[in-house]
Amino acid sequence: MVISCWGALIRKLLMMRPQVVFVLGGPGAGKGTQCAKIVKKYGYTHLSAGDLLRSERSKEGTEYGELIASFIKEGKIVPVAITIQLIKKAMEEKMAQDSAKNTFLIDGFPRNADNLSGWNNHMNGYADVKFVLFFDCSNEVCIERCLERGKASGRTDDNAESLQKRIQTYMQSTKPIIDEYEKEGKVRRVDGAKTVEQVFLDVQKIFDSEN
Ligand code: UP5
Ligand code: MG
């Protein structure tokens, strides 16, 4: 009787552990757009690593504001110690508000080997990675979308010069991480070049079969 109670408790605690989907793809591949739709339909919490960094950059008196600003403009990847702290804090805040809200979309992370080892060091045992949702989209389409968005976005990296660097970083550092996860059978690939609604149809097929 006592053993079965403990078993039930342990099962419950494991179920409440954050369940994470990493959302990856090139700049402008549609990660943020599709995450918003997944949140509405499946109730996940969306955490964009880029948004968390941009918000940290804008805070008064923040220690890392200038570093983050220059890394983003140069399309370089911010040291993981900074990013992981922001992600973990956001997850903990969400779970503190409502412990049943334990499913997270982590958008735009991990982007390189440093990010991945930082995640493994800080989050293994705290959160489970269910799978990696990969929006596959050509560099040309990615650049065109970001330049179009740049007319109004106010983002310091939506310009031709930063975009060349962002694409280069994506190809050199992020794509190999996706390839590693692919070898582990964790990648769910979606053609990100289709229309927003067509992409979401493919995304739903994945979430319906995973949930
Ligand atoms: N759009 C979207 N889907 C479309 C579709 N199917 N058809 C036509 N148009 C579509 O979409 C981009 C634009 O395309 C929008 O105008 C949208 O309407 C349209 P969006 O959904 O915003 O694409 P997304 O993939 O989210 O593009 P984003 O620019 O956010 O991607 P990045 O990965 O480049 O940006 P992020 O914010 O993640 O990171 C920015 C920088 O922060 C990085 O370069 C890096 O310097 C830094 N960073 C880190 O250092 N570490 C991190 O962990 C994360 C970020
Ligand atoms: Mg985004």
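Notes on the structure follow. (Residues numbered from 1 in each chain as written. Chains lettered and ligands numbered in written order. Predicted model: local features only at pLDDT ≥ 70, side-chain atom pairs only at ≥ 80, totals over all residues. Heavy atoms only, no water.)

**Brief notes about the packing of aromatic side chains**
Taken as a whole and assessed by the stated rule, the structure comprises seven aromatic pairs. Residues F22 and F109 carry aromatic rings whose centres are separated by 6.1 Å and whose planes lie at 65° to one another, so their mutual orientation is edge-to-face. Placement of the pair is F22 in strand β1 (residues 19-25) and F109 in the loop between β3 (103-107) and α6 (113-123), with a sequence separation of 87 residues. Residue F22 is classed as buried on the basis of its relative accessible area of 0%. Through successive ring pairs, a cluster of aromatic residues spans F22, F109, W119 and Y181. In this structure, K37 packs its charged tip against the face of F200, placed 5.4 Å from the ring centre. (Phe/Tyr/Trp six-rings, centres within 6.5 Å; stacked < 30°, edge-to-face > 60°. Helix = DSSP H or I, 4+ residues; strand = E, 2+ residues; numbered from the N terminus. Buried < 20%, exposed > 50% of the residue type's maximum accessible area, 1.4 Å probe, protein only. Lys NZ or Arg CZ within 6 Å of the ring centre and 35° of its normal.)

**Structural notes on the sheet that holds strand β4 (residues 128-136)**
Within the open sheet, the five strands sit side by side as β2-β3-β1-β4-β5. Their pairing is parallel. The open sheet is flanked by β2 (45-48) and β5 (187-191), the only strands paired with a single partner. Between one strand and the next, the sheet's axes are offset by a mean angle of 25°, whatever the strand orientation. Sheet topology note: the β1/β4 ladder contains seven bridges and is parallel. Directly across from V21, in β4, lies its bridge partner F131. Strands β1, β3, β4 and β5 of the sheet are contacted by helix α9 (residues 196-210), whose axis makes an angle of about 160° with β5. (Pairing = 2+ DSSP bridges. Axes fitted to C-alpha atoms, helices over the stretch in contact; angles between N-to-C directions. Contact = heavy atoms within 4.5 Å.)

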